[in-house]
Amino acid sequence: MPVSALTRFLGDSPLRVIIKLVIVSLIVGFVMSAFHWSPWDIFYALRDTVLHLWNMGFDALGRFASYILLGAAIVIPAFVILRLLSYRR
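On a predicted model such as this, the values are computed, not experimentally measured, just so you know.

(A) Broad picture of the packing of aromatic side chains. In the structure shown here, the tally under the stated rule is four aromatic pairs. Ring centres 5.7 Å apart and planes at 85° place the aromatic pair Trp40 and Phe43 in the edge-to-face group. Here Trp40 and its partner Phe43 are both found in helix H3 (residues 39-56), three residues apart, which amounts to about one turn of the helix. Residue Trp40 is classed as exposed on the basis of its relative accessible area, which comes to 54%. Within the aromatic cluster, the residues linked to one another by ring pairs are Trp40, Phe43 and Tyr44.

(B) Spatial organisation of unusual backbone geometry. For His36, which is not a glycine, the phi torsion comes out positive at approximately 60°. With respect to the element layout, His36 can be found in the loop between helix H2 (14-34) and H3.

(C) Examining a nonpolar patch on the surface more closely. A cluster of nonpolar residues, Leu15, Ile19, Ile23, Ile27, Phe30, Val31, Phe35 and Trp37, forms a patch on the protein surface that exposes about 870 Å² of accessible area. For Phe35, the position within the fold is in the loop between H2 and H3.

Here is what the cut-offs are and how they apply
Residues numbered from 1 in each chain as written. Predicted model: local features only at pLDDT ≥ 70, side-chain atom pairs only at ≥ 80, totals over all residues. Heavy atoms only, no water. Phe/Tyr/Trp six-rings, centres within 6.5 Å; stacked < 30°, edge-to-face > 60°. Helix = DSSP H or I, 4+ residues; strand = E, 2+ residues; numbered from the N terminus. Buried < 20%, exposed > 50% of the residue type's maximum accessible area, 1.4 Å probe, protein only. Patch = residues over 30% accessible without salt bridge, like charges linked within 9 Å, V, L, I, M, F, W, Y side chains within 5 Å. Areas by Shrake-Rupley, 256 points an atom, 1.4 Å probe, with all protein chains shown as cover. Salt bridge = Lys/Arg side-chain N within 4 Å of Asp/Glu carboxyl O.

Geometry only, nothing functional implied.
Pasting the structure below:
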């Protein structure tokens, strides 16, 4: 059976994608409600982070780079190991 462009775009049938999105939305909504978060809280936190970085100036860029390097020390070897373990001959 030929696959429609919509199914190719969504990665699955539209009905299954809608069901998956509803389930994930329910879980995320429950977690956000448990922590008393709202979408505006997340938006304001992102905005405040950007403003804080801007106000700190170039020192923040140095910290940002060190965070990337610190994370990369774990992420890159884990990625390589996972790729090697999933390599099929």
